[in-house]
Structures are given as structure tokens and as C-alpha cells.
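Chain and residue survey
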Amino acid sequence: MLSRVAESLYWMARNSERTAGNAHIIHTQLSNMLEESGFDLTYLEDWKVILNICGSSNQFLMTYNRLSVRNLSDYLLYSKENQNSIIETTCRVRENARITRDIIPHALWEEWNELYLSIKDVPQGKMFSLLETNDFLEKVYHTSLTAAGIINTLMPRDESYHFFKIGRWIERAEKTTIILNELLQKKEHEVRKCTATFSLQFTQSLYDYSKKHRLCNTDLVLNYLIGDVTCTHSITYCIQHIKQSIAIIEKNNSNSRIYPLMQELNALLQTASTDATTLSIEQKQKWIRDLLNRLLSIGSIFNETYYLIEPNIHMKVSEHR
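Residues numbered from 1 in each chain as written. Predicted model: local features only at pLDDT ≥ 70, side-chain atom pairs only at ≥ 80, totals over all residues. Heavy atoms only, no water.

Examining the packing of aromatic side chains
Within the structure shown, the criterion is met by twelve aromatic pairs. Ring geometry for Y78 versus F136: centroids 5.2 Å apart, planes at 50°, classification tilted. Of the two residues, Y78 sits in helix α4 (residues 69-78) while F136 sits in helix α7 (residues 130-154), which places them 58 residues apart along the sequence. Judged by relative accessible area, F136 falls into the buried class, the value being 10%. Joined through ring pairs, the aromatic side chains of Y10, W11, F163, F302 and Y306 make up one cluster. (Phe/Tyr/Trp six-rings, centres within 6.5 Å; stacked < 30°, edge-to-face > 60°. Helix = DSSP H or I, 4+ residues; strand = E, 2+ residues; numbered from the N terminus. Buried < 20%, exposed > 50% of the residue type's maximum accessible area, 1.4 Å probe, protein only.)

A short note on the layout of surface pockets
Estimated volume of the largest pocket: approximately 370 Å³. Around the largest pocket, the lining comprises 26 residues; the ones closest to its centre are E17, A20, R172, Q204 and H233. Listed by contribution, the elements that provide at least two residues to the lining of the largest pocket are α1 (3-35), α7 and α8 (159-184). In terms of residue count, α8 provides more of the lining of the largest pocket than any other element does, eight residues in total. Split into classes, the residues belonging to the lining of the largest pocket amount to nine nonpolar, ten polar and seven charged. (1 Å grid on protein atoms, 1.4 Å probe; cavity = no way out; pocket = protein on both sides within 12 Å on 5 of 7 lines; lining within 4 Å. Points joined across faces, edges and corners; volume = space filled by probe spheres on them. Nonpolar A, V, L, I, M, F, W, Y, C, P; charged D, E, K, R; others polar.)

Digging into the packing of α8 against helix α14 (residues 281-305)
With their axes 9 Å apart at the nearest point, α8 and α14 run at an angle of 155° to one another. With respect to α14, the axis of α8 lies roughly antiparallel. Of the two possible hands of crossing, α8 and α14 adopt the one that is left-handed. Taking contact as the criterion, the partners of F163, I166, I170, A173, E174, T177, I178, L180, N181 and L184 in α8 are, on α14, I281, K284, Q285, I288, R289, L291, L292, L295, L296, I298 and F302. (Axes fitted to C-alpha atoms, helices over the stretch in contact; angles between N-to-C directions. Parallel < 35°, antiparallel > 145°, perpendicular 65-115°, else oblique. Left-handed = near helix turned anticlockwise from the far one by under 90°. Contact = heavy atoms within 4.5 Å.)

Notes on the packing of helix α2 (residues 44-54) against α8
For the pair α2 and α8, the least separation of the axes is 9 Å and the interaxial angle reads 145°. Of the two elements, α2 crosses α8, and the hand of that crossing is right-handed. Judged by residue contacts, V49, N52, I53 and C54 of α2 engage K175, I178, I179, E182 and L183 from α8. Within the contact of α2 with α8, the residues separate by chemical class into six nonpolar, one polar and two charged.

Some thoughts on the environment of E81
Of note, E81 is situated in the loop between α4 and α5 (86-99). For the pair formed by E81 and T63, sequence separation is 18 residues and the distance between their alpha carbons is 8.6 Å.

Regarding α4
Of all ten residues that make up α4, nine are buried, and the element is covered over most of its length. Within α4, burial applies to V69, N71, L72, S73, D74, Y75, L76, L77 and Y78.

Written out as C-alpha cells, the structure reads:
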């Protein structure tokens, strides 16, 4: 496969996963507000957490004159300056889908192109109601789910499929770790719900977790979202699937070119096997930071191994801090 094709598939996957993940997180927060009390100032601390997970606090404060739900929604959904806004990541998914139209299923291109055409002219700064914003996020999330179904149903299990899946798993593992890293930095009084519940909600894992565990505390949730091999948003699950796809791309042949990548993946799995119940809060925070740094390293090593160029517009997680 040509490197430029692999590159477009990989970044299409990363940006589509980012779009779906951010849309779900913002939709979860807005739904909580609609169900309870609407524009409640007590939600602003929660929004600060979401801002750091889905965007950049520093960039937001340079662009907007005050912290408000309206401004946060505009920044996270519609801002052209925020390279991780829903509109911007959707545009990048659509562009990479256009480049690979002869590789991906036609229905996948149609799905993302339709979403892009429906949102590309949305004026930044327009005042949308919470219900309108909620409808917008539901449309984005529905497109993401439909696109995932098309990939799983129609895309041949060749190299293109596995480059796409690797992009998705790397992005998903990073997002889970960013969520855990951000929430573990907060004191209990700084978020309305406990860290454990927020983490499960944001990673779409609450329902599955509740079927397996009667208690919901930070240690159990950390072990679940980091080490559970059946949770599709856990770090271990994602890394194992990355290894499987690399083995298929390389036809199960070991060579010196992929050795640094496989070594880093195995080291990450070893780090992820730690039991959270044996750690102090400071050790847990350091553990999560180590996992995040290793995941960022894996993304860079993967790019170097397969000669993938990282777009200048892509924001590294480190820039969010």
C-alpha cells in the first residue's frame, strides 16, 4: 500500500474517533444539564474538565472573554480556531475520505460528506439553544455510529482496514487516558459527580461496567478502564488490537523495522497491568501520566515506522496542558 494512502486512512480513523468521542462527552454534559437545571453555574467546574479533555484551556481563554456554557459550546463545537472542534475534525475526516474514495466503501464517503455539507457553513458565534446544540451532537454521533457499522460490514480485511483500525485504537486509548489523567487531578469538591462515574460516562462504559461490578469506586474503575481485556475503551484492549493489526500487516514476520514499536507496545501493556488498589493517589496520578506519555510515544513511533506524516493541523495532547 502507498504510504500516502495509509497515512490518509490512519488520520481519517483518528479524527473520526476524536469526533465521536468529543461529541459523546459534550452530549453527555448537555443532557445532564437539560435533565436537571439548564444553565446552572455549578456546572462550570464540570465544563472546565471537559474543556481540557476536548480542547485547550489556554486557547479558549485567549479567544473568549469569559467562561460560560454558551462560549464553551461555541469553542468545542463550531470554532475554526480550535483544531479539535467538532466542525474541524469532521472536515479532516471528510478530506481524508475524499483522498481514499477508491479504497473505502462508497457508503462511508457518502456518510461523512453528507455531515460535512450540513455543517460546513454554520456561522461561528451564532447563539444556538441547548436543544439545537443537542440535536447537532446527536446528528454527529449518529453519523459516527453509522460510519463504524459501514466499516465493520463492508470494508475488506486488508491492509487498509488494519491501518484504519490502528488509528482508531491509538486515538481511543489516548482519549481514555486523557480522561483519567484530567479527572485524577481534580479534588472531590471540584466535580459534581465522582471521578469514577464521570470516567465511565465519558468512555461509554458505564452500562457494561455496571453489569460486571456492584461497586463504583476510583480503584475499580481505573483497573477496568486500563486493564480489562473485554472493555472496548480500555487501554489494554486497544493495545492488544493494535498488536494484532500490526501482525497482520507484517504477515506475522518479525523484523528490525518494527522492533522499537513492538517493544514500546509490550512495555505499555506491562505498565497497564498495575493494580490501582496498591497505589497511593500520587502514585496513581504518576501512573496515568506515564501511560499517557507512552501512548503519545507509540503514536510517534508508529508514524516513523510506516512513514506517516503528521499533519501540521493535528494538535498533540501535550499542547492541551
